[in-house]
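Examining the three-dimensional arrangement
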Amino acid sequence: MTSRWTTAVLDTDQPGGWAVARSPEGFLFDDNGALFPREWLKRQDLSVLAEHGIGHLDGEPVYLLELRSVSEVPGCGWKGLRAFMLESDHTVYKVLGYAAQIGTWAREHRFCGNCGQPMTQVPRERAMYCQPCDLRSYPRISPSMIVLITRGDEILLARSPRFVTGVYSTLAGFAEPGESAEDCLIREVREEVQIEVKNIQYIGSQCWPFPHSMMLGFHAEYAGGEIVCQEDEIEDAQWFNVHELPPLPASRSIARYLIDVYVARRLGHAEPVLPG
Ligand SMILES: NC(=O)C1=CN([C@@H]2O[C@H](COP(=O)(O)OP(=O)(O)OC[C@H]3O[C@@H](n4cnc5c(N)ncnc54)[C@H](O)[C@@H]3O)[C@@H](O)[C@H]2O)C=CC1
Ligand SMILES: [Mg+2]
Ligand SMILES: [Zn+2]
């Protein structure tokens, strides 16, 4: 199957194509969605900070207008990326997720981290460049581990105070310099619930553009210890029987996929597919 969406570094001097606009309040949308004819969008009263050519959707070029602030556009509203993840077509969500990551990174790399001088976009490459330092900055991606821990028919799920009321999810955390994925997983599990795990198995990965994680998903078995929740980070953690699960994370998340795969195996149901 060919993908409808492919990323590319496009020349912003070329006319035409589609464009999305992103402000601190999210993406512009109307009844037709978040993609607008680019020439029309550029005629609107928008405070454009930068324009990026980001890829092709069904063969048509797509651009991002990264805005300094939110503006009124007649007949349109603004909506955050999470809402698009929950509501929209998967391909549109992929386009917007990529746009959000590029927009954030370019905005945060307008000035050189070494000398403080303005940086420029490198033509035909996704990089910002400082000439005096000969320094290139590439989009930031943060590897993050996520793990479903199981004990027979029971799975360990936890709540962060940031979650929607009632929802429990798998444990996750950012990799630190010097760690392998497995080191990170073992450390995060110890920090968050103070238990030990064994038989760590890699399951799959997912881009998570909130704001720039690359989720590496694992399954691990319980090896020992009692649950003790990390103060401030973990509000509650429990073993749940696969027949009696609490409200779970959104179906597009790898957290939900890790849970659904295990439950499907235990119950002999068809396995789900990991959303990319
Ligand atoms: N797609 C999915 O199913 C899920 C994705 N996630 C994502 O996984 C990532 C890690 O999960 P958390 O439990 O929040 O992480 P965590 O357990 O490492 O703790 C979060 C803390 O890490 C620090 N931090 C923030 N950004 C960092 C970075 N780039 N590198 C190192 N430390 C950083 C901050 O102090 C933050 O409060 C997040 O981006 C989260 O959104 C988490 C659960 C499910
Ligand atoms: Mg965590
Ligand atoms: Zn510099």
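Residues numbered from 1 in each chain as written. Chains lettered and ligands numbered in written order. Predicted model: local features only at pLDDT ≥ 70, side-chain atom pairs only at ≥ 80, totals over all residues. Heavy atoms only, no water.

In the annotation of an unreviewed UniProt entry, the protein is listed under the name NAD-capped RNA hydrolase NudC and assigned to Pseudomonas mercuritolerans. Here is the UniProt Sequence similarities (unreviewed entry) comment for the protein, exactly as written: "Belongs to the Nudix hydrolase family. NudC subfamily." Check the Subunit (unreviewed entry) section of the UniProt entry for the protein; it says "Homodimer." (UniProt positions renumbered as here; feature names shortened; annotations may be inferred.)

Summed over all chains, the structure comprises eight aromatic pairs. Centre to centre, the rings of F29 and F84 are 6.4 Å apart; their planes meet at 85°, and the pair counts as edge-to-face. Highlighted residues: F29 in strand β3 (residues 26-29) and F84 in helix α2 (residues 81-87), separated in sequence by 55 residues. Classification of F29 by relative accessible area gives partly exposed; the value is 24%. With a centroid separation of 5.7 Å and 15° between ring planes, the pair formed by F36 and W40 is classed as stacked. Judged by relative accessible area, which is 2%, F36 ranks as buried. Using a relative accessible area of 30% as the deciding quantity, one classes W40 as partly exposed. Here the aromatic residues F27, F29 and F84 are joined through ring pairs into a cluster of three or more. If you follow R151 out to its NZ or CZ, it ends over the ring of Y222, 5.0 Å from the centre. (Phe/Tyr/Trp six-rings, centres within 6.5 Å; stacked < 30°, edge-to-face > 60°. Helix = DSSP H or I, 4+ residues; strand = E, 2+ residues; numbered from the N terminus. Buried < 20%, exposed > 50% of the residue type's maximum accessible area, 1.4 Å probe, protein only. Lys NZ or Arg CZ within 6 Å of the ring centre and 35° of its normal.)

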